[in-house]
Amino acid sequence: MSSRIAVVPGSFDPPTLGHLDVIRRAAALYDELHVLVVHNPDKQAMLPVAQRLSLLEESIAEAGVAGQVIVGSWSMGLLVDYARDVGAGVLVKGIRSQVDVAYESPMAIVNRHLADIETVFLLPDPAHALVSSSLVRQVAALGGDVSPFVPAPVARFLDTGARGL
Ligand code: PNS
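If you're wondering where the values come from, they're calculated on a predicted model, not measured in any experiment. (Residues numbered from 1 in each chain as written. Predicted model: local features only at pLDDT ≥ 70, side-chain atom pairs only at ≥ 80, totals over all residues. Heavy atoms only, no water.)

Would you explain the side chain of K93 in this entry?
As for its placement among the helices and strands, K93 is situated in strand β4 (residues 88-94). Reaching out from K93, the side chain makes a polar contact with the side chain of E104 at a distance of 2.6 Å. In this structure K93 touches P9, E104, M107, T119, V120, F121 and L122, once residues within four positions along its chain are discounted. (Helix = DSSP H or I, 4+ residues; strand = E, 2+ residues; numbered from the N terminus. Polar contact = N/O pair within 3.5 Å; in protein donor to acceptor, adjacent residues only side chain to side chain. Contact = heavy atoms within 4.5 Å.)

This is the structure:
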């Protein structure tokens, strides 16, 4: 496992500007970055995984993120199994608040016990500190403008393509 290869896992339902901020900064820190859409059984999904993948790919391309970024999805078991398969030694997560610390810490500890993999937490740019996918889902469902919170491809999609989902 290499500490130069990292995975940024998440539901990305939908990707937000906060996610893009973490992806951009993680891409600058590691030689190879896997941005991984993982099904979270605790959450009611809005977008199909395939849609989240294409929105992530478009958003990452449009943001001009430097470095080697691979976008994929994983539903075959533990996250650490994917990390092991691609030789990643690090998971990267964004931490916005104490709530995120409480949610992420047990997962980081379990993942380290499972596979000796480290989790690195990045603090958000303050501009994105309060943005979450669940708020974006709520605003979008009620017909509000989500463009201040999401990358342009996601805003375009939610404004047109997502109606009827
Ligand atoms: O964006 P989210 O929903 O907060 O992401 C959470 C996610 C999908 C990264 C987390 O639920 C996860 O790692 N799921 C993979 C399943 C797994 O490996 N679980 C055991 C160790 S925590």
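Before we go on, may I ask you to explain the pairing of strand β5 (residues 118-122) in this structure?
Side-chain positions along a regular strand alternate between the two faces of the sheet. Of the strand pairs in this sheet, β4 and β5 are connected by 5 bridges, and their pairing is parallel. Across the sheet, residue V92 finds its bridge partner in β5, namely V120. (Pairing = 2+ DSSP bridges.)

Please explain helix α3 (residues 79-86) as it appears in this structure.
Each α-helix turn comprises 3.6 residues. Residues three or four places apart therefore point the same way. When we look at burial in α3, the residues that qualify are L79, V80, Y82 and A83. End-on view of α3: buried residues confined to an arc of 155°, all on one side of the axis. Of the surrounding elements, those touching the buried residues of α3 are β1 (2-10), β2 (32-38), β3 (68-74), β4 and α4 (98-115). Positive backbone phi, approximately 80°, marks G87, located one or two places after α3. (Buried < 20%, exposed > 50% of the residue type's maximum accessible area, 1.4 Å probe, protein only. Arc of directions from axis to C-beta.)

Sorry if this is basic, but what is going on with the packing of α3 against α4 here?
Geometrically, a packed helix pair is captured by the angle between its two axes and the distance between the axes. Direction vectors running N to C along α3 and α4 enclose 50°, while the axes themselves pass 10 Å from each other. Here α3 is positioned oblique relative to α4, judged by the angle of their axes. Here the hand of the crossing between α3 and α4 comes out right-handed. The segment α3 lies against α4, with L79, V80 and R84 engaging N111, L114 and A115. (Axes fitted to C-alpha atoms, helices over the stretch in contact; angles between N-to-C directions. Parallel < 35°, antiparallel > 145°, perpendicular 65-115°, else oblique. Left-handed = near helix turned anticlockwise from the far one by under 90°.)

Any functional reading would require information beyond the geometric quantities listed.
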